[in-house]
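# Descriptive structure summary
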Amino acid sequence: MLSPATPGDLDDLAAFLRSADLTVAALAEPAVHLWLDRDDDGAVCTTTGFELGASGEHALVRSVAVRPDLRGAGDGLRLARFALDRAADAGARQAWLFSRRSGGFWQKLGFTNTTTDDLAAALPDAHQVRLFRSTGQLDREVAWHRPLPARTDSGARLAAG
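Report follows, based on the coordinates. (Residues numbered from 1 in each chain as written. Predicted model: local features only at pLDDT ≥ 70, side-chain atom pairs only at ≥ 80, totals over all residues. Heavy atoms only, no water.)

## Digging into the overall build of the protein chain
As a reminder, the rule being used: Segments assigned H or I by DSSP are reported as helices when at least four residues long, segments assigned E as strands when at least two residues long, and all are numbered from the N terminus. Values of the radius of gyration come from C-alpha atoms, whereas the globule rule sets the reference at 2.2 Å times the count of residues to the power 0.38. Three labels apply to residues, based on accessible area from a 1.4 Å probe with only protein chains included: buried if under 20% of the type maximum, exposed if over 50%, partly exposed otherwise in between. What makes two residues a contact is simply this: any of their non-hydrogen atoms within 4.5 Å. Each accessible area value is a Shrake-Rupley result obtained with a 1.4 Å probe; residue values ignore everything except the protein chains displayed when judging cover. Charge counting treats Lys and Arg as positive and Asp and Glu as negative, with His and both chain ends excluded. Charge positions are represented by NZ for Lys, CZ for Arg, CG for Asp and CD for Glu.
When helices and strands are counted, the protein chain shows six helices and seven strands. For 161 residues, the compact-globule estimate of 2.2 N^0.38 gives 15 Å, and the C-alpha radius of gyration of the protein chain, at 15 Å, lies within 12% of that figure. The dimensions of the protein chain, computed from C-alpha atoms along their principal axes, are 40 × 40 × 30 Å. Sorting the 161 residues of the protein chain into buried and exposed places 46% on the buried side. A separation of at least 24 residues holds for 67% of the contacts in the protein chain among residues at least 6 apart in sequence. Accessible surface computed for the protein chain: about 7900 Å², of which carbon and sulfur atoms make up 49%. Of note, the protein chain has its 18 positive side-chain charges centred 4 Å away from the centre of its 21 negative side-chain charges.

## What about the sheet that holds strand β3 (residues 44–52)?
Basically, it comes down to this: Here the rule is simple: two strands pair whenever DSSP picks up at least two bridges between them. Throughout, an axis means a line fitted to C-alpha atoms (over the contacting stretch in the case of helices), and angles, computed between N-to-C directions, take values from 0 to 180 degrees.
Reading across from one edge, β1-β2-β3-β4-β5-β7-β6 is the order of the seven strands in this open sheet, with mixed pairing throughout. In the strand order of this sheet, the two ends are held by β1 (3–4) and β6 (112–114), each with one partner. With three bridges connecting them, β6 and strand β7 (residues 143–147) associate as antiparallel partners. In the sheet register, threonine 112 faces β7, and the bridge partner there is histidine 145. Most of the contacts of helix α2 (residues 75–89) go to β3, to which it runs at about 30°, and overall it touches β2 (32–38), β3, β4 (58–66), β5 (94–98) and β7. Here helix α5 (residues 127–135) sits on the sheet in contact with β2, β3, β4 and β5, set at roughly 35° to β5.

Okay, structure coming up:
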């Protein structure tokens, strides 16, 4: 069962994300909301999350990963939907993400290809955007976007985790 990542989870979470070749920047920042699941041995086996932009209207989906031996059972879709729902609950109206390898997966969830310039304009202060700009990686990324449904209970489910 997914639970909100705590400060005590961050080292394990970062190691898991590195093994999945995902960005580990700013995991402890207040705008970054992360959840994880551990197996019976206590190892991280799935993660998901998003970073809420300063305006609250835009969210950058990040850290959606499933351990390789658990893939193929639909967990990736479940995790992505969870992050999208929590972002909408937090008030976001637009979801964005970077993905060079998983475009087909994200298209199943209604994402369409967009430009990194559009993503960076919507989320200029997002940690990944700032990191990718500073390292020159932004121009090598692939950006995706989709609208989120308006929620009437903003924040309630986010807080509940």
